[in-house]
Amino acid sequence: MTSTRSMRSDAASYADDARSRASQALEGTREYASEAYDKASARMRDLRDNMKDIASRGASNVNDYAQATSRYISDEPLKSALVAAAIGAAVAGLVIALRRNRSSSRYY
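Residues numbered from 1 in each chain as written. Predicted model: local features only at pLDDT ≥ 70, side-chain atom pairs only at ≥ 80, totals over all residues. Heavy atoms only, no water.

S.K.: Give me the environment of Ala15: which residues, what numbers.
M.R.: Its place among the elements puts Ala15 in helix H1 (residues 2–75). What makes Ala15 partly exposed here is its relative accessible area of 30%. Along the chain, Ala15 and Ser34 lie 19 residues apart, while their C-alpha atoms are 28 Å from each other. (Helix = DSSP H or I, 4+ residues; strand = E, 2+ residues; numbered from the N terminus. Buried < 20%, exposed > 50% of the residue type's maximum accessible area, 1.4 Å probe, protein only.)

Have a look at this one:
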């Protein structure tokens, strides 16, 4: 009988020890996950703030270029019209050439 009680006591002790270790492992995992989440959140906030700064600088640059273009057009209207016409002709020629290549390759 004493050996049965001893075995039950040992089994209960082992079970308590296993529960305790499992609880510790679970708590450690929770802490690790919480730290990882906090680090990821901080990095996302930093990335978002950096992207806001980059977007703001980009918008400022676009605005500067738009103002410079407007000044150039008002200072040199004839030259601006000729440049626009040349660019339009080049784009039209490119579109026509691409259409011809595409339509000729359909029949092969």
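S.K.: Kindly report on the pattern of salt bridges, identifying the contributing residues and their values.
M.R.: A full pass over the atoms with the stated rule returns 3 salt bridges. One salt bridge in this structure joins Asp16 and Arg19, with 2.7 Å as the shortest N-O distance. With Asp16 and Arg19 both in helix H1 and 3 residues apart, the pair spans about one turn of that helix. With its nearest N and O atoms 4.0 Å apart, the salt bridge here joins Arg30 to Glu27. Taken together, the positions of Arg30 and Glu27, both in helix H1 and 3 residues apart, correspond to about one turn of that helix. Since its relative accessible area comes to 38%, Glu27 is described here as partly exposed. (Salt bridge = Lys/Arg side-chain N within 4 Å of Asp/Glu carboxyl O.)

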